[in-house]
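Chain by chain, the residues run as shown.
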Amino acid sequence: QVHLVESGGGLVQAGGSLRLSCAASGSIFSINTMGWYRQAPGKQRELVATITSGGNTDYADSVKGRFTVSRDNAKNTVYLQMNSLKPEDTAVYYCNLDVRLISGAVIHYWGQGTQVTVSS
């Protein structure tokens, strides 16, 4: 019913920047909280940043001041601007959307994941 497409990952040198996007389409009535998570090899998936429908944001301490989450409600898209990247930011990044469907159901959707690799 809802399809998520992530893009923007890749290989970058330390200190560089990347911008991730996650676009949702389908039977969407509205999207509440949108967020980004990441999972490094051998580690648990962790929260990176979230943004509510009202624009309130929250960040993991490890990315504060370097990453910025934003959203375009008209496009049902969430972005993650990542600056001053560090090798420890290397992970698969997943978007997570809290979607209210046209049917009224509320479902949490995950993106397919996009690899971010930061070389030292």
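Note: the structure precedes this text.
Here we summarise the structure given alongside this text. (Residues numbered from 1 in each chain as written. Predicted model: local features only at pLDDT ≥ 70, side-chain atom pairs only at ≥ 80, totals over all residues. Heavy atoms only, no water.)

### What to know about the environment of Phe 67
Here Phe 67 shows up in strand 7 (residues 67-72). Residues Phe 67 and Val 106, spaced 39 residues apart in sequence, show a C-alpha to C-alpha distance of 28 Å. (Helix = DSSP H or I, 4+ residues; strand = E, 2+ residues; numbered from the N terminus.)

### A short note on the environment of Asp 72
One can find Asp 72 in strand 7. With 40 residues separating them in the primary sequence, Asp 72 and Asn 32 have C-alpha atoms 12 Å apart. Contacts of Asp 72, omitting those with residues within four sequence positions, involve Thr 77 and Tyr 79. (Contact = heavy atoms within 4.5 Å.)

### Overview of the nonpolar core
Trp 36, Val 78, Leu 80, Met 82, Tyr 93 and Leu 97 are the most contacted members of the largest nonpolar core, which has 33 residues in total. Put simply, the parts of the chain that give this core at least two residues each are strand 1 (2-7), strand 3 (18-26), strand 4 (28-39), strand 5 (46-51), strand 7, strand 8 (77-82), strand 9 (91-101) and strand 11 (114-119). When residues of this core are assigned to their parent elements, the largest contribution, 6 residues, is made by strand 9. Sequence-distant contacts of Leu 80, that is, excluding residues within four places in its chain, are made with Leu 18, Arg 19, Leu 20, Trp 36, Val 48, Ala 49, Phe 67, Thr 68, Val 69 and Tyr 93. (Core = buried A, V, L, I, M, F, W, Y, C linked by side-chain atoms within 4.5 Å. Buried < 20%, exposed > 50% of the residue type's maximum accessible area, 1.4 Å probe, protein only.)

### Quick notes on unusual backbone geometry
Most peptide bonds take the trans configuration, and most residues that are not glycine carry a negative phi. The phi angle at Asn 76 is positive, at roughly 50°, despite the residue not being glycine. With respect to the helices, strands and loops of the structure, Asn 76 is situated in the loop between strand 7 and strand 8. Judged by its relative accessible area of 23%, Asn 76 falls in the partly exposed class. Residues other than glycine seldom take positive phi values, yet Ser 84 does so here, at roughly 50°. When you line up the elements, Ser 84 lands in the loop between strand 8 and strand 9. Its relative accessible area of 41% is what places Ser 84 among the partly exposed residues.

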